[in-house]
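Now for the letters of each chain:
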Amino acid sequence: MADVEEPMALDDANWDGRWNHVSKFLERAGPFTHPDFEPSTELLQFLLETCKILVIGAGGLGCELLKNLALSGFRDIHLVDMDTIDVSNLNRQFLFRPKDVGRPKAEVAAEFINRRIPGCNVIAHFKKIQDFDESFYQQFHIVVCGLDSIIARRWMNGMLMSLLTFEEGVLDPSSVIPLIDGGTEGFKGNARVILPGMTACIECTLELYPPQITYPMCTIASMPRLPEHCVEYVRLLQWPKENPFGDGVPLDGDDPKHIQWVFQRSRERAGEFSITGVTYRLTQGEPRLLISASLGLSCLLFRSAYISLNNYLMFNDVDGLYTYTFEADRKENCPACSQVPQELQFAPSAKLQDVLNYLTKSATLQMKSPAITATLEGKNKTLYLQTISSIEERTRPNLCKTLKELGLTDGQELAVTDITSPQTLLFKLSLST
Amino acid sequence: MLELWEVLRQFFWRYRKRSSSRKSTNIAVRAAAMADGSKGKSTKEQKYDRQLRLWGDHGQDALENAHVCVINATATGTELLKNLVLPGIGAFTIVDGHKASGEDVGNNFFLSIDSIGKSRAQAATELLQELNSDVSGNFVEETPDKLLDNDPEFFHRFSLVIGVQLEESTCLRLGAVLWNAGVPFLACRTYGLVGYMRLAVREHTVIESHPDNALEDLRLDQPFAELKNHVQSYNLDNMEKKHHSHTPWIIIVAKYLEKWYNEHNFQLPKNYKEKESFRELIRNGILQNENGVPEDEENFEEAIKNVNTALNPTKISRLVQEIFDGEECKNITSQTPAFWIMARAVKEFVESEGGGNLPVRGTIPDMIADSEKFINLQNVYREKAMQDALLVAKHVESLLQSVGKPPESITEPDIKLFCKNAAFLRVVHCRSLADEYSVESLNKDEITSCMDSPDCEMVLYLMLRSIDRFHQQHSRYPGVYNYQVEEDIGKLKLCVNSLLQEYGLNVNVKDDYIHEFCRYGASEPHTVASFLGGCAAQEAIKIITHQFVPFNNTFIYNAMSQTSATFQL
């Protein structure tokens, strides 16, 4: 599917005084600017004509980001978003109107900005970030993220890491593409600046993300206590069993018919255990991601393009307004940005399931559904892969086998791929008792 | 002048009509949606779904019945309006006497190239109105000074007035009018890379403060009779494993506390050592298999983990005690707002039936247990909470009677909500602008102690006061044009010094800041305006919904370092 690329005549859409607010910061010296900063009229020209920015996500944060970038002089902007517009977006994603419901967010957002801000040329990509490779991402000066999933952030992080080049072990600064990331939840938010290979990256600080609330399966299956347990029962167990809207049709949190079905059955379930509190709103809340954009939390992110935020800002206005700014440290052995080979230590009698558990449960790795391959007898062998059901079935018995039984040796390399990174991660297997 | 009155007359009529019809429509729509979940939600409920999770239907009602006045449709003003219009504020009125300039259009999303030379108020209103057809957008093409001259009461009708980029004299005049009329006032300003907000409201009460990390109200140190009886019904020494392993940790702690009391003269474990012993006591209660190896009893692990907080003595926080001790609580009249009547009722409950404690909250956290045990325990707390709320309601009734008001003035759901949030009540009192600016009552201590760190955000506050002084003297702001930047540094420094001298502030303002403020040239970069507009809108929503706690009373945002601070000036 071809991307929507409207040839925009970049003629002089500048009127008197248009850039007055911006130019004072680009053309005047000041006591607090970066030591390398040299005021000049060329900086504005750079913004207007040369600088290429990638914005990921056209939701709550994305709309704010686009507006702020456009009004600060950025014109060559690419926008990636795989979603379409829903009614529930309209209370904060201000580039969308009721008539746009159902259309791709990236396209509508680009149209609106290009119309409202003369000269601005936002190019929309109704795609997933994973649909692009290095050749796409390489062209940008800065990447700004307004994503709603940790997995996507980690993938983006990994992609920019993969673009880094080293000359005799020394990082080439021209291969560094800064990543500005932000997220919100209710009355809280955060923003950070990541210089890949130089400052703390997403993987370095995985623990900063709040753990997603999951309930133990035994609670959901046989011992519910809260209305949430009842909803999860219907979502995780009843839906896949009954397939109410057709075989393999997944639950769509935006489809009122789906939610209605879940709501009614959750109520029934709750009734069996005398649990009160299952409401339509609670039901709708369950399939949603925990990180959702809030209102009014505007883009702090762009400020950093003037004088860089170093490097993490937290915001909370439940009680008054509170911000906390600190420098997140790089992790010495970060799997994404440290270049340090990752080690796996297991006894030869350990099972492949144990390795899988470690990859998914360890706080530093937090993989979702890793695929493990190894070179055995000169051939590339898939030990376990979850995401394709035929291969999953075929490799499932390996999980119960010991590493020794699988033919793995001490010092062997295991290649692991996962949705959380565009790159294959190599682990050195250390087998010891 | 005739035009102005005509505009005002028309918009009042429109506002009154819209507001009353909207309220009844709201109630009808919500009732229809709630009565039968199977019909799904109205489009409006779907649209507002994400925000309803934050402040509920009653919060949304408050928002939809509010009318906010914003003075000056600069970028800061329109950004904050955007953030009020999107969630469905009832109505807004922009007061702005300016014509839109090329510079204005350059940093403002709600002005277009066609707006140049036209009324900024009108152009902004039209583009903001597009965001949400539920909202009533109005404008008055007049300066606030003119309105203050001719009709200060114009401002009385608003739920909140927000003054953006106001000159000092206008700000103080407006502040005085609103303070006397009891209308909350929020002043906002974006000045270069500095954001500033000042809230001036005499008294703002909050029932639902939604605290981030609230302690549970379990009463383990002072179990009420029904809880004691329920705990009695368990015999941990004589239970099948599956029941033993699925007993709620609250019961476990209560049981072992009884054991502890017998051996420790009815004293709670107090220090770390005693709590450790208590944890050991519980650990020893874990069932063992035939080889003497402890079984996997997660509920016991939960009990051990929660010992620290579970044994916190039940007590009334200082903030809530201050509310009970407040003047408003003591003198109940027919004018007393519902908040204070309920506060007084709860106070009376505390002093009688409550035995020194607030009404039981009625909620317990989730914990490992089988459904039946958990629900039964939960019901013990719920029922006690209901009983306590009924007792509080009786106090409310007699208070209302004593001032000649009908019992329906405060409803049962209101009282229930108040009781549930009794531990989290908050009251915010801001000082007036007059007090902040007067030489006698300015908060010298706060300013001087902050300035011990010369780069503290307080220096930015002093700089804002100084550029206002500059404006007073020179009828312009420093450094607006390139050629002015250097020579204005000296002039601004004189203003800084005269400010410090007049107020007797023995602090040092670094020259760097004076230079920086000349560099700003009174610019309003969009990104700073956007952030400040976001903050301001959130505070406005807090004021209107009376949920979450507003700041008190001066907020400074430093976009250079991405830091912020709040001062009480």
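Residues numbered from 1 in each chain as written. Chains lettered and ligands numbered in written order. Predicted model: local features only at pLDDT ≥ 70, side-chain atom pairs only at ≥ 80, totals over all residues. Heavy atoms only, no water.

1. As for the overall build of chain B
Thought 1: Looking only at helices and strands, one finds 24 helices and 10 strands in chain B.
Thought 2: Sorting the 569 residues of chain B into buried and exposed places 57% on the buried side.
Thought 3: Of the roughly 24000 Å² that chain B leaves accessible, carbon and sulfur atoms contribute 49%.
Thought 4: Across chain B, the 60 positively charged side chains and the 79 negatively charged ones have centroids separated by 3 Å. (Helix = DSSP H or I, 4+ residues; strand = E, 2+ residues; numbered from the N terminus. Buried < 20%, exposed > 50% of the residue type's maximum accessible area, 1.4 Å probe, protein only. Areas by Shrake-Rupley, 256 points an atom, 1.4 Å probe, with all protein chains shown as cover. Lys, Arg positive; Asp, Glu negative; His and termini not counted. Charge placed at Lys NZ, Arg CZ, Asp CG, Glu CD.)

2. Re the overall build of chain A
Thought 1: Secondary structure summary: chain A contains 12 helices and 15 strands in total.
Thought 2: Taking 2.2 N^0.38 as the reference for a compact globule, 433 residues should give roughly 22 Å; the C-alpha atoms of chain A span a radius of gyration of 24 Å, in line with that estimate.
Thought 3: With respect to the three principal axes, the spread of C-alpha positions in chain A is 70 × 60 × 45 Å.
Thought 4: A total of 433 residues make up chain A; the buried ones form 55% of that total.
Thought 5: Surface exposure of chain A reaches about 19400 Å², of which carbon and sulfur atoms provide 51%.
Thought 6: Measuring between centres, the 41 positive side-chain charges of chain A sit 6 Å from its 54 negative side-chain charges. (Rg over C-alpha atoms; globule rule 2.2 N^0.38 Å.)

3. Section: the side chain of Arg 269 of chain A
All names here are of chain A.
Thought 1: Topologically, Arg 269 is positioned in helix α9 (residues 256-272).
Thought 2: One buried charged residue, Arg 269, remains without a salt bridge, the closest side chain of opposite sign being Glu 272 at 4.3 Å.
Thought 3: With sequence-adjacent residues up to four places away left out, Arg 269 is seen in contact with Ile 220, Ala 221, Ser 222, Pro 224, Cys 230 and Tyr 233. (Salt bridge = Lys/Arg side-chain N within 4 Å of Asp/Glu carboxyl O. Contact = heavy atoms within 4.5 Å.)

4. Let's talk about the packing of helix α16 (residues 338-351) of chain B against helix α17 (residues 371-402) of chain B
Residue and element names in this part refer to chain B.
Thought 1: Between α16 and α17, the shortest axis-to-axis distance is 8 Å and the interhelical angle comes to 120 degrees. The pairing of α16 with α17 is recorded here as oblique in orientation. Considering the relative orientation of α16 and α17, their crossing is right-handed. Residue-level inspection shows Ile 341, Met 342, Arg 344, Ala 345, Val 346, Glu 348 and Phe 349 of α16 in contact with α17, the latter providing Asp 388, Leu 391, Val 392, His 395, Val 396, Leu 399 and Leu 400.
Thought 2: Class assignment for the residues of the contact of α16 with α17 results in 10 nonpolar, one polar and three charged. (Axes fitted to C-alpha atoms, helices over the stretch in contact; angles between N-to-C directions. Parallel < 35°, antiparallel > 145°, perpendicular 65-115°, else oblique. Left-handed = near helix turned anticlockwise from the far one by under 90°. Nonpolar A, V, L, I, M, F, W, Y, C, P; charged D, E, K, R; others polar.)

5. Focus on the UniProt feature "domain: E2 binding" (unreviewed entry) in chain A
Thought 1: Under the UniProt annotation, "domain: E2 binding" (unreviewed entry) lies at residues 344-432 of chain A.
Thought 2: Taken as a whole, residues 344-432 of chain A contains 19% helix and 36% strand, while its terminal C-alpha atoms sit 11 Å from one another. (UniProt positions renumbered as here; feature names shortened; annotations may be inferred.)

6. A word on the pattern of salt bridges
Thought 1: Counted by the stated rule, this structure contains 43 salt bridges over all chains.
Thought 2: The residue Asp 319 of chain A makes a salt bridge to Arg 426 of chain B at a minimum N-O spacing of 2.9 Å. Pair noted here: Asp 319 of chain A is in the loop between β9 (312-316) and β10 (322-326) and Arg 426 of chain B is in strand β8 (residues 426-428), and the two residues belong to different chains.
Thought 3: Looking at Asp 319 of chain A, the relative accessible area reads 41%, which means it is partly exposed.
Thought 4: Residues Asp 511 of chain B and Lys 493 of chain B are paired through a salt bridge, measuring 2.8 Å at the closest nitrogen-oxygen approach. Of this pair, Asp 511 of chain B sits in helix α23 (residues 511-520) while Lys 493 of chain B sits in helix α22 (residues 484-502), placing them 18 residues apart in sequence.
Thought 5: With a relative accessible area of 43%, Asp 511 of chain B lands in the partly exposed category.

7. Observations concerning the side chain of His 78 of chain A
Residues and elements named next belong to chain A.
Thought 1: With respect to the helices and strands, His 78 occurs in strand β2 (residues 76-80).
Thought 2: Within polar-contact distance, the side chain of His 78 engages the side chain of His 125 at 2.9 Å.
Thought 3: For His 78, the contacting residues outside a window of four places in its chain are Lys 52, Ile 53, Leu 54, Val 55, Ile 123, His 125, Phe 136, Gln 139 and Phe 140. (Polar contact = N/O pair within 3.5 Å; in protein donor to acceptor, adjacent residues only side chain to side chain.)

8. Digging into helix α18 (residues 412-420) of chain B
Residue and element names in this part refer to chain B.
Thought 1: Residues of α18 that are buried: Ile 415, Phe 418 and Cys 419. All buried residues of α18 project into a common sector of 95 degrees when viewed along the axis, lining one side.
Thought 2: Of the surrounding elements, those touching the buried residues of α18 are α16 and α17. (Arc of directions from axis to C-beta.)

9. Digging into the interface of chain B and chain A
Thought 1: The interface is formed by 91 residues belonging to chain B together with 74 residues belonging to chain A.
Thought 2: A combined buried area of about 7200 Å² lies between chain B and chain A, and 57% of that area is made up of carbon and sulfur atoms.
Thought 3: Put simply, Arg 225 of chain A and Asp 366 of chain B hold a salt bridge, and the shortest N to O gap is 2.6 Å.
Thought 4: Seen at the junction of chain B and chain A, the total is 39 residue pairs in polar contact (both at pLDDT 80 or more).
Thought 5: Counting residues per element, the side of chain B that touches chain A draws most heavily on helix α24 (residues 526-545) of chain B, at 10 residues.
Thought 6: A per-class count over the side of chain B that touches chain A returns 38 nonpolar, 31 polar and 22 charged. (Buried area = accessible area lost by both parts, 1.4 Å probe.)

10. Quick notes on helix α9 (residues 225-232) of chain B
Each α-helix winds once per 3.6 residues, and so residues spaced three or four apart point in a common direction.
Residue and element names in this part refer to chain B.
Thought 1: Along α9, the residues that are buried comprise Leu 227, His 230 and Val 231. The arc that holds the buried residues of α9, viewed along the axis, is 100 degrees, so those residues lie on one side. More than 90 degrees from the buried face of α9, the exposed residues found are Asn 229 and Gln 232.
Thought 2: Each element contacted by the buried residues of α9 is listed here: α11 (249-263) and α17.

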